[in-house]
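Residue-level listing of the chains:
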Amino acid sequence: MAIGGDDLENRVSAKNHRGIGSKGGDRSGFGPPPPPRPAPLVYSDLNDDEFSSQWTSWLVPMFVVANVIVFVLTMFVNNCPAHSHGPNRHCVASFLGRLSFEPLRNNPLFGPSSRTLEKLGSLEWYRVVEKHEGWRLLTCIWLHAGVIHLAANMLSLVFIGIRLEQQFGFVRIGVIYLMSGIGGSILSSLFIRNSISVGASGALFGLLGSMLSELLTNWTIYSNKIAALLTLLFVIAINLAIGILPHVDNFAHVGGFLTGFLLGFVLLARPQIKWLARENMPQGRRLTSKYKPYQYLLWLLSLALLIVGLVVALVLLFKGEDGNDHCHWCRYLRCIPTSRWSCDDV
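Report on the accompanying structure. As the structure is a prediction and not an experimental result, all values here were calculated from the model. (Residues numbered from 1 in each chain as written. Predicted model: local features only at pLDDT ≥ 70, side-chain atom pairs only at ≥ 80, totals over all residues. Heavy atoms only, no water.)

Moving on: the overall build of the chain. The helix and strand inventory of the chain stands at 14 helices and zero strands. Ordering the α and β elements of the chain from the N terminus gives α-α-α-α-α-α-α-α-α-α-α-α-α-α. Residue pairs at least 24 apart in sequence account for 71% of intrachain contacts in the chain once pairs closer than 6 positions are excluded. Summed over all atoms, the accessible surface of the chain reaches about 19,700 Å², with 64% contributed by carbon and sulfur. (Helix = DSSP H or I, 4+ residues; strand = E, 2+ residues; numbered from the N terminus. Contact = heavy atoms within 4.5 Å. Areas by Shrake-Rupley, 256 points an atom, 1.4 Å probe, with all protein chains shown as cover.)

Below, the structure written as structure tokens:
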């Protein structure tokens, strides 16, 4: 019995409701199924140790513990009950004994006296330059003015630092943290001469700066890059804006941010995806460059700017130069006068 073309077509199309070339192919002999389309390569699919490995964060928690221990030792050395006498000089939380806080009129942040901070290594231009106590550029980042100051910085360090350490390891994040703290101290000493400065804020801003440069230098691997960039810029702007309030050392913030920003280009660049998948590529198509050309360029420029900037700043500092003489508007980075407060004593 002859079968017409229409009948054959109806039988083929009706069989299991599967057309020619459908997934799994057709069993009627109309050709092999098309090869499956490969899934796009993403970083999570790679086993390269340089990216997929997740470090255990231990350095950042150690930094937090170290800062808390230093603060307790600072309060022990301060010994408020020993020097607070008179009707208006009662120590706060006197039940803590030797660890009790200075009267709030002297320190509203629930902490030690400025004299104790000076003794233990706070940042002060006269002692750094005239007394040649350059070690204060480092020790000041481990001191805090009070419980509120300490809590705010340590919470920020936990939220920012742990994620970075898990992704990039303790060596690179430790270098960024310490170098940013020192960079913030140098810029602060160049512009502030009449007050002391303490705190890890410069180092924390360095971590924020490194997050921004990491996003920029690894721009091509991120999917929601614009949203991430805008969010990060908003966080940075808010924190820098807080620094224009009186008695906040915004120069340490700016110096730490710039140092961390440049270090991020140097230390946090990720290899391009094709480099990580090079073992699976044909022999003639394997890449010879681990990073993209613009990453090498940013690396060189950032390293050069970082070295030149730190050297020039240190030379100016120990020559006794006042940064305000070379930048008259820079004072507004620390304090902007308003009807509610004056910046004359800042």
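Its identity is not glycine, yet Ala-93 carries a phi of approximately 60 degrees, on the positive side. Not every positive phi belongs to a glycine, and Phe-110 is a case in point at roughly 60 degrees. Checked against the element boundaries, Phe-110 lands in the loop between α3 (80-83) and α4 (114-120).

Here the structure, examined in full by the defined rule, presents four salt bridges. The salt bridge partner of Arg-136 is Glu-133, with a shortest N-O separation of 2.5 Å. Residue classification places Glu-133 among the buried residues on the basis of a relative accessible area of 16%. We note a salt bridge from Glu-214 to Arg-270, for which the minimum N-O separation is 3.1 Å. Of this pair, Glu-214 sits in helix α9 (residues 201-217) while Arg-270 sits in the loop between α11 (250-267) and α12 (273-276), and the two are 56 residues apart along the sequence. Among the residues examined, Glu-214 registers a relative accessible area of 4% and is labelled buried. Here the salt bridges share partners, and the residues they tie into one network are Glu-118, Glu-124 and Arg-127. (Salt bridge = Lys/Arg side-chain N within 4 Å of Asp/Glu carboxyl O. Buried < 20%, exposed > 50% of the residue type's maximum accessible area, 1.4 Å probe, protein only.)

Applying the stated criterion across every chain yields a total of two disulfides. Disulfide pairing places Cys-80 opposite Cys-91 at an S-S distance of 2.0 Å. The S-S bond linking Cys-80 to Cys-91 shows a torsion near -100 degrees; that makes this disulfide left-handed. Highlighted residues: Cys-80 in helix α3 and Cys-91 in the loop between α3 and α4, separated in sequence by 11 residues. Note on accessibility: Cys-80 and Cys-91 belong to one class, buried. Residue Cys-327 pairs covalently with Cys-330 via a disulfide, S to S 1.8 Å. (Disulfide = S-S within 2.5 Å.)

Quick look at helix α13 (residues 293-318) now. Since there are 3.6 residues in each turn of an α-helix, residues three or four apart along the chain are aligned in direction. Taking 1.5 Å as the rise per residue, α13 with 26 residues should run 38 Å; its terminal C-alpha atoms sit 38 Å apart, in good agreement. The complete set of buried residues in α13 reads Gln-295, Ser-302, Leu-306, Ala-313 and Leu-317. Gly-320 lies just past α13 and shows a positive phi near 85 degrees. (Expected span 1.5 Å × (residues − 1).)

Across its 17 residues, α9 extends 24 Å between first and last C-alpha, which sits within 8% of the 24 Å expected from 1.5 Å per residue. A large share of α9 lies buried, amounting to 16 of its 17 residues.

A few words now on the nonpolar core. Residues Leu-157, Leu-164, Tyr-177, Leu-207, Leu-208 and Leu-317 are the most contacted members of the largest nonpolar core, which totals 50 residues. Looking at this core, the elements with two or more residues in it are α2 (59-78), α5 (125-130), α7 (147-168), α8 (170-191), α9, α10 (225-242), α11 and α13. In terms of residue count, α9 provides more of this core than any other element does, eight residues in total. Discounting residues that sit within four places of it in the chain, Leu-157 has contacts with Val-60, Phe-63, Val-64, Ile-162, Tyr-177, Leu-204 and Leu-207. (Core = buried A, V, L, I, M, F, W, Y, C linked by side-chain atoms within 4.5 Å.)

Further remarks concern the environment of Arg-105. For Arg-105, the location among the structural elements is in the loop between α3 and α4. According to the relative accessible area criterion, Arg-105 is exposed, its value standing at 67%. Counting along the chain gives 16 residues from Arg-105 to Arg-89, while the straight-line C-alpha distance between them is 8.9 Å.

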